Amino acid sequence: MRRALLVIGALALIGAGAAWALSAPERLPAAQLAGLSGDAEAGAYSFAAAGCANCHMAPDTVPGEAPALAGGQAFASPFGTFRAPNISSDPEAGIGTWTEAEIVQAMMRGVTPEGRHLYPAFPYASYAKGDLQTAFDIAAYLKTLPASATPSQPHEVGFPFNIRRALGLWKRLYLTEAPVLTGELTAEVARGRVLVETLAHCGECHTPRGPLGGTDTSRWLAGAPLPGGEGNVPNITPAALTWSEDQIAEYLASGFTPEFDTAGGAMVEVIQSTSQLTPEDRLAIAAYLKAVPGVE
Amino acid sequence: MPAQSRLAAIALALTLPAAPLLAQGMDPAAAAINARQSHMVLQQTFLMPLGGMAQGQIEYDAETAAAAAANLAAVSSVDPRFYFPEGTSSADMEGTKALPAIWENPEGFAEAWAALATASTALAEVAGDGPEALQGAFGAVGAACGGCHRSFRQSE
């Protein structure tokens, strides 16, 4: 009996040790980042495509003004309410002291310079599929934006989701550099894939999530319940989205549907981002949306 | 009425019950929802030729553009207080996407609603002056539509 207890105890310790080891924050290897530095001008475009400001701007930001990325907007989810942090260039309240490489580690691996896991409300699972130079460019652009001394507010997340260490296990399940759409792609669809899967992170809202909060890629872009609200985020696979590529591109430019209804909800801010893209990039998004499998 | 006090009046009216319609023996909630949805369809009717010309899908015609823009300006300037009686939000009943935020933030709603009247009045002033003038003023109309749908209309 005593021996059995000892064995169980030892196994539990081994299990806990394994979980601890498997949940450790993993960064991109330093050698991969060595020598890279960002171009702020190129970063401005990718920053717009990614819509960083849509979540990180203060709730009272005046449209059209250079946003101070003071954070504070709340994002409800089944796991609790997340609050976008201050990512302005302020050295105390923001991330002004982070190096470009440290910002890239946060964007592409969800790890802070202190080695803490970030919650995947920050779409690093999308950015992980991207290229390093684009991430460095965005990091360089972030450093040019105004500072805000507004402190970040804590997330309201209950047990067990408040155990950040466990996010290491989540990342083992859902963080991958592999693209969702594979196979032979035209140059236009490949560019669309960069925009949809990575930068604009469309799948974060338009793809349903499993019980652990990872996107269900078997239903990629097939629509999902609106997080923290009534209603649904629409299915944008060819099974449901029957607009022409020109009509999709026009919607991303002006917000008008072919029937002259308009975008609503959070999509209004997404349109503010996609309206800043080149017409070619909007058409690339449309071409990609026509190339993904239709899911009823 | 000055813009400020007009907005305040609209905001106040949103807190009033739909008594006048009850007196006529209609279902006031259904009538109000029908009215506000019809209002949106009317606006779409005038947006279609304007948007088609602005987006280059149909040929620009000055007279059509001016007439559609004048109609849009007239409809969007309608005082919305009769459309949104208490108890007709998407949380209260089926068949409407009007979010409770309309009643929770009446000043914000009145402002977002009024933004389309402002944008479409500006559009009506130039819509007959040529395709560039139409295009230039049309973007603000789309922004006004989205600005209200952002927080006050339920998604799908």
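All chains use their own residue numbering, which begins from 1 and follows the written sequence. Starting at A for chains and at 1 for ligands, labels are handed out in the order in which the entities are written. Local features in a predicted model are, by the rule used here, given only for residues with pLDDT of at least 70; side-chain atom pairs are given and counted only at 80 or more, and totals for whole chains, interfaces and linings are based on all residues. Only hydrogens and water are set aside; all other atoms, that is, all heavy atoms of the structure, feed into the side-chain values.

Student: Is there a simple way to explain the overall build of chain A in this structure?
Tutor: Per the convention used, a helix needs a DSSP run of H or I reaching at least four residues, while a strand needs a run of E reaching at least two, with both numbered from the N terminus. Summing up its helical and strand segments, chain A has 13 helices and five strands in all. Within these notes, the globule rule equals 2.2 Å times the number of residues to the 0.38 power, and the radius of gyration is based on C-alpha atoms. Whereas a compact globule of 296 residues would reach a radius of gyration of roughly 19 Å, chain A reaches 20 Å, a difference of no more than 12%. Along the longest, intermediate and shortest principal axes, the C-alpha atoms of chain A span 75 × 45 × 40 Å. Burial status across chain A gives 44% buried among its 296 residues. We call two residues in contact whenever any of their non-hydrogen atoms come within 4.5 Å of each other. A fraction of 64% describes how many contacts in chain A between residues 6 or more apart in sequence connect residues 24 or more apart. Entry remark: accessible area of chain A is about 14,500 Å², with carbon and sulfur atoms responsible for 60%. Distance from the positive charge centre (18 side chains) to the negative charge centre (29 side chains) of chain A: 16 Å. Relative accessibility thresholds used throughout: buried, under 20% of the residue-type maximum; exposed, over 50%; partly exposed, between the two (1.4 Å probe, protein chains only). The Shrake-Rupley method, run with a 1.4 Å probe, gives the accessible areas here. Residue values count only the displayed protein chains as cover. Charged residues are defined narrowly, with Lys and Arg counted positive, Asp and Glu counted negative, and His plus the chain ends left uncounted. To locate a charge, take NZ of a lysine, CZ of an arginine, CG of an aspartate or CD of a glutamate.

Student: How do you make sense of the interface of chain A and chain B when you look at a structure like this?
Tutor: By a frequent convention, interface size equals the accessible area lost on bringing the separate parts together. Each partner contributes residues to the interface: chain A has 18 residues there, and chain B has 16 residues. Between chain A and chain B, a total of about 1,500 Å² is buried, with carbon and sulfur atoms accounting for 55% of that surface. Contact with chain B buries area across many residues of chain A, yet A:F256, A:F260 and A:T262 alone supply 36% of it, more than any other trio. For B:R153, the salt bridge goes to A:D261, with nearest N and O atoms at 3.0 Å. Under this definition, polar contacts are N or O atom pairs within 3.5 Å; protein pairs additionally need one hydrogen-donor-capable and one acceptor-capable atom, and for neighbouring residues in sequence, both atoms have to be side-chain atoms. The tally of links between chain A and chain B comes to eight residue pairs in polar contact (both at pLDDT 80 or more). Listed by contribution, the elements that provide at least two residues to the side of chain A that touches chain B are α11 (245-254) and α12 (267-274) of chain A. Two parts lose some accessible area (1.4 Å probe) when they are put together, and adding that loss for both gives the buried area. Only one rule defines a salt bridge in this text: a Lys or Arg side-chain nitrogen within 4 Å of an Asp or Glu carboxyl oxygen.

Student: What should I look at first to understand helix α13 (residues 279-291) of chain A in this one?
Tutor: One turn of an α-helix holds 3.6 residues; hence residues three or four places apart share an orientation. All names here are of chain A. Between its first and last C-alpha, α13 extends 19 Å over 13 residues, near the 18 Å set by a 1.5 Å rise per residue. Taken residue by residue, α13 has D281, R282, A284, I285, A286, A287, Y288 and L289 as its buried positions. Its buried side turned inward, α13 meets α3 (40-50), α9 (187-199), α11 and α12. Multiplying 1.5 Å by the helix residue count minus one yields the expected span of that helix.

Student: So what exactly am I meant to see when it comes to the confidence of the model for chain B here?
Tutor: The predictor rates its confidence in each residue with pLDDT, a number between 0 and 100. When the pLDDT values of chain B are averaged, the result is 89; 84% of them are 70 or greater. Element-level pLDDT for chain B is lowest in helix α2 (residues 19-23) of chain B, with a mean of 51, against a maximum mean of 98 in helix α4 (residues 62-76) of chain B.

Student: What is the right way to look at helix α8 (residues 167-174) of chain A in this model?
Tutor: Residue and element names in this part refer to chain A. Regarding α8, the residues found buried are L167, G168, W170 and K171. Seen from one end, α8 has its buried residues packed into an arc of 155°, which puts them on one side. For α8, the elements touching its buried residues are α1 (2-22), α5 (100-109) and α6 (124-127). This arc corresponds to the set of directions leading from the helix axis out to the C-beta atoms.

Student: Before we go on, may I ask you to explain the environment of B:A67 in this structure?
Tutor: Tracing the sequence through the fold places B:A67 in helix α4. Spatially, the C-alpha atom of B:A67 lies 18 Å from that of B:G56, the residues being 11 residues apart in sequence.

Student: Just checking my understanding: could you explain the pattern of salt bridges for this structure?
Tutor: Pairs can form between side chains of opposite charge whenever their charged atoms are close. Residue and element names in this part refer to chain B. In total, this model carries eight salt bridges over all chains according to the counting rule given. Its salt-bridge partner being D79, residue R81 comes within 2.8 Å of it at the nearest N-O pair. According to the relative accessible area criterion, R81 is partly exposed, its value standing at 26%.

Student: Any chance you could explain unusual backbone geometry here in plain terms?
Tutor: In most cases, non-glycine residues show a negative phi, while peptide bonds are predominantly trans. Residues and elements named next belong to chain A. Cis geometry marks the peptide bond from F159 to P160, where omega comes out at 0°. Mapping P160 onto the fold places it in the loop between β3 (156-157) and α8. The phi angle at H201 is positive, at roughly 40°, despite the residue not being glycine. The class of H201 is buried, set by a relative accessible area of 17%. The phi angle at F260 is positive, at roughly 60°, despite the residue not being glycine. Positionally, F260 belongs in the loop between α11 and α12.

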